[in-house]
Amino acid sequence: MARAAEGSSRAAALPLNQILAGDCIEQMNALPEASVDLIFADPPYNLQLRGDLHRPDNSLVDAVDDAWDRFGSFADYDRFSRDWLAAARRLLKPNGAIWVIGSYHNIFRVGAELQNQGFWMLNDVVWRKSNPMPNFRGKRLTNAHETLIWASKSEASKYTFNYEALKALNEGVQMRSDWVLPICTGNERLKDEHGDKAHPTQKPEALLHRVIIGTTNPGDVVLDPFFGTGTTGAVAKMLGRNFIGIEREDSYRKVAEARIARVRRFDRDVLETTTSKRAEPRVPFGQLVERGMLRPGEELYSQGSRFKARVRADGTLTNKDSDVSGSIHQVGARLEGAPSCNGWTYWHIKREGKLVPIDLLRQQVRAEMN
């Protein structure tokens, strides 16, 4: 009984679904040990920018030049990485795991420190951006990807991996470690009161959706020590997970609080993730049209609304601007100029003023079939 009371007290002490203000290391060290299921971290990249960056037309690029991304030396950055990863490791439950995202500027240094501290590498994932920012100086390759490291707390950890759920997201095919997703643009890109980007490196919700669906369960606690404008918290709330955010900058916290307040948690019956080894029932896209969940003529939008297409009565899509028609996968691939596309996660519908993946409609049909 004493142990149960202790566990209950520890859970009660967690500031669930709150954004903590201040230094991430101090805030993490103040939280109960072994109390978090998953950590998603998007630490400063230490880009080492030298001067302003201009486009060919001489307009200024809104690059990452904020004070929080500046370190005096690589040694300073390594000390920072060591300290926040130590604090993160203390917080993780024995079967917990961590995701860290970064660019070529920092991800190798962070990866080495993860191994130094005893984390067990599970995968490195390449997020290939379908619409990357060009290299304006023309002196290097276009930086079209970022790297995510997924690691468990230890080699013995029984970490969460919803293999079948990720497979279902990927049209019944095993999820690979290269993810083609667009960067955050359009309606999803948050702006400040001046109309400028609220945060220079805001991550797309589609990226967090895949991470959280694949490596947590409903009710789990997800901590983000570099919360920014709250993408992790917004997706966690939608998907029925608890979050804890830590953010030092006042302006980011205000944007994140307003953003998360607008988020509606999805209904409980569509939050269950696939855990069975058997294949989920196949749901043709046309079935959504037959059942009236989507109507002929209704418009679907790519993430960020870069492209849109109209639903046809036979369950295909058409894009009049480029005279492209076909399945949800074919049209998405053609518009992106990609060899393939998972139309279920690529296309979105507007519901209550927000873009929602059409895959949620498929999940509703599958829940009824099961």
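Residues numbered from 1 in each chain as written. Predicted model: local features only at pLDDT ≥ 70, side-chain atom pairs only at ≥ 80, totals over all residues. Heavy atoms only, no water.

An unreviewed UniProt entry annotates the chain as Methyltransferase of Paenirhodobacter enshiensis. For the chain, the Sequence similarities (unreviewed entry) comment in UniProt is given as "Belongs to the N(4)/N(6)-methyltransferase family." (UniProt positions renumbered as here; feature names shortened; annotations may be inferred.)

**Considering the overall build of the chain**
Scanning the chain from N- to C-terminus turns up twelve helices and 14 strands. Each of the 370 residues in the chain was classed as buried or not, and the buried ones make up 50%. Here the contacts in the chain between residues at least 6 apart in sequence split such that 70% fall between residues at least 24 apart. About 18,300 Å² of surface is accessible on the chain, with carbon and sulfur atoms providing 48% of the total. (Helix = DSSP H or I, 4+ residues; strand = E, 2+ residues; numbered from the N terminus. Buried < 20%, exposed > 50% of the residue type's maximum accessible area, 1.4 Å probe, protein only. Contact = heavy atoms within 4.5 Å. Areas by Shrake-Rupley, 256 points an atom, 1.4 Å probe, with all protein chains shown as cover.)

**Concerning the sheet that holds strand β10 (residues 308–311)**
Read from one edge of the open sheet, six strands run β12-β11-β10-β9-β13-β14, paired in antiparallel fashion. Only two strands of the sheet have a single partner each, and these edge strands are β12 (324–326) and β14 (354–357). Averaged over all pairs of adjacent strands, the angle between strand axes in this sheet comes to 35°, irrespective of strand direction. Bridge analysis of strand β9 (residues 299–302) against strand β13 (residues 347–351) gives two bridges, and the strand direction is antiparallel. Following the sheet pairing, Ser 302 is matched in β13 by Trp 347. Running at roughly 155° to β12, helix α10 (residues 328–336) makes contact with β10, β11 (317–319), β12 and β13 of the sheet. (Pairing = 2+ DSSP bridges. Axes fitted to C-alpha atoms, helices over the stretch in contact; angles between N-to-C directions.)

**Quick look at the layout of surface pockets**
Estimates place the volume of the second largest pocket at around 980 Å³. Met 238, Phe 266, Lys 354, Leu 355 and Val 356 are the residues nearest the centre of the second largest pocket, which is lined by 38 residues in total. At five residues, the largest contribution of residues to the lining of the second largest pocket is made by helix α12 (residues 359–369). (1 Å grid on protein atoms, 1.4 Å probe; cavity = no way out; pocket = protein on both sides within 12 Å on 5 of 7 lines; lining within 4 Å. Points joined across faces, edges and corners; volume = space filled by probe spheres on them.)

**What about helix α3 (residues 74–91)?**
Residues lying three or four places apart along an α-helix face the same way, a consequence of the helix completing one turn every 3.6 residues. Across its 18 residues, α3 extends 26 Å between first and last C-alpha, which sits within 8% of the 26 Å expected from 1.5 Å per residue. Every buried residue belonging to α3 is among Tyr 77, Phe 80, Ser 81, Trp 84, Leu 85, Ala 87, Ala 88 and Leu 91, and all of these are buried. End-on, the buried residues of α3 take up no more than an arc of 160°, which puts them together on one face. Buried positions along α3 lie against α2 (24–29), β2 (36–41), β3 (92–102), α4 (107–116) and β7 (221–224). (Expected span 1.5 Å × (residues − 1). Arc of directions from axis to C-beta.)

**Focus: empty space enclosed by the protein**
Inspection of every chain in the model, using the stated rule, returns one cavity of 30 Å³ or more. In this structure, the largest cavity spans a volume of roughly 40 Å³. Along its surface, the largest cavity is lined by His 209, Ile 213, Leu 239, Val 270, Leu 271, Glu 272, Thr 273, Leu 360 and Gln 363. Residue assignment for the lining of the largest cavity shows that the elements contributing at least two residues are α6 (205–215) and α12. Each residue belonging to the lining of the largest cavity can be placed in one class, and the counts come to five nonpolar, three polar and one charged. (Nonpolar A, V, L, I, M, F, W, Y, C, P; charged D, E, K, R; others polar.)

**A word on the sheet that holds strand β1 (residues 18–21)**
In any sheet, the strands associate via hydrogen bonds between backbone groups, in a parallel or an antiparallel arrangement. The eight strands are arranged β1-β8-β7-β2-β3-β5-β4-β6 in an open sheet whose pairing can be described as mixed. Among the strands making up the open sheet, the edge pair consists of β1 and β6 (178–181). Across the sheet, the axes of successive neighbouring strands diverge by a mean angle of 20°, strand direction being ignored. The sheet contact formed by β3 and strand β5 (residues 145–152) spans six bridges and is antiparallel.

**Topic: the pattern of salt bridges**
Oppositely charged side chains can form a pair if their charged atoms are brought close together. Enumeration according to the criterion identifies 17 salt bridges in this entry. A salt bridge links Arg 264 to Asp 267, with the shortest nitrogen-to-oxygen separation between them at 3.5 Å. On the accessibility criterion, Asp 267 (48% relative accessible area) is partly exposed. Taken together, the shared-partner salt bridges in this structure form one network comprising Glu 171, Asp 359 and Arg 362. (Salt bridge = Lys/Arg side-chain N within 4 Å of Asp/Glu carboxyl O.)

**Section: the side chain of Asn 106**
As for its placement among the helices and strands, Asn 106 is situated in the loop between β3 and α4. On the basis of relative accessibility, which here comes to 0%, the residue Asn 106 falls in the buried class. A polar contact of 3.0 Å, which involves the side chain of Asn 106, links it to the backbone nitrogen of Ser 103. Excluding its chain neighbours within four sequence positions, the residues that come into contact with Asn 106 are Pro 43, Pro 44, Tyr 45 and Tyr 77. (Polar contact = N/O pair within 3.5 Å; in protein donor to acceptor, adjacent residues only side chain to side chain.)

**Section: unusual backbone geometry**
Although it is not a glycine, Ser 305 adopts a positive phi angle of roughly 60°. With phi around 55°, Asp 323 is a residue other than glycine that occupies positive phi space. With respect to the secondary-structure elements, Asp 323 resides in the loop between β11 and β12.

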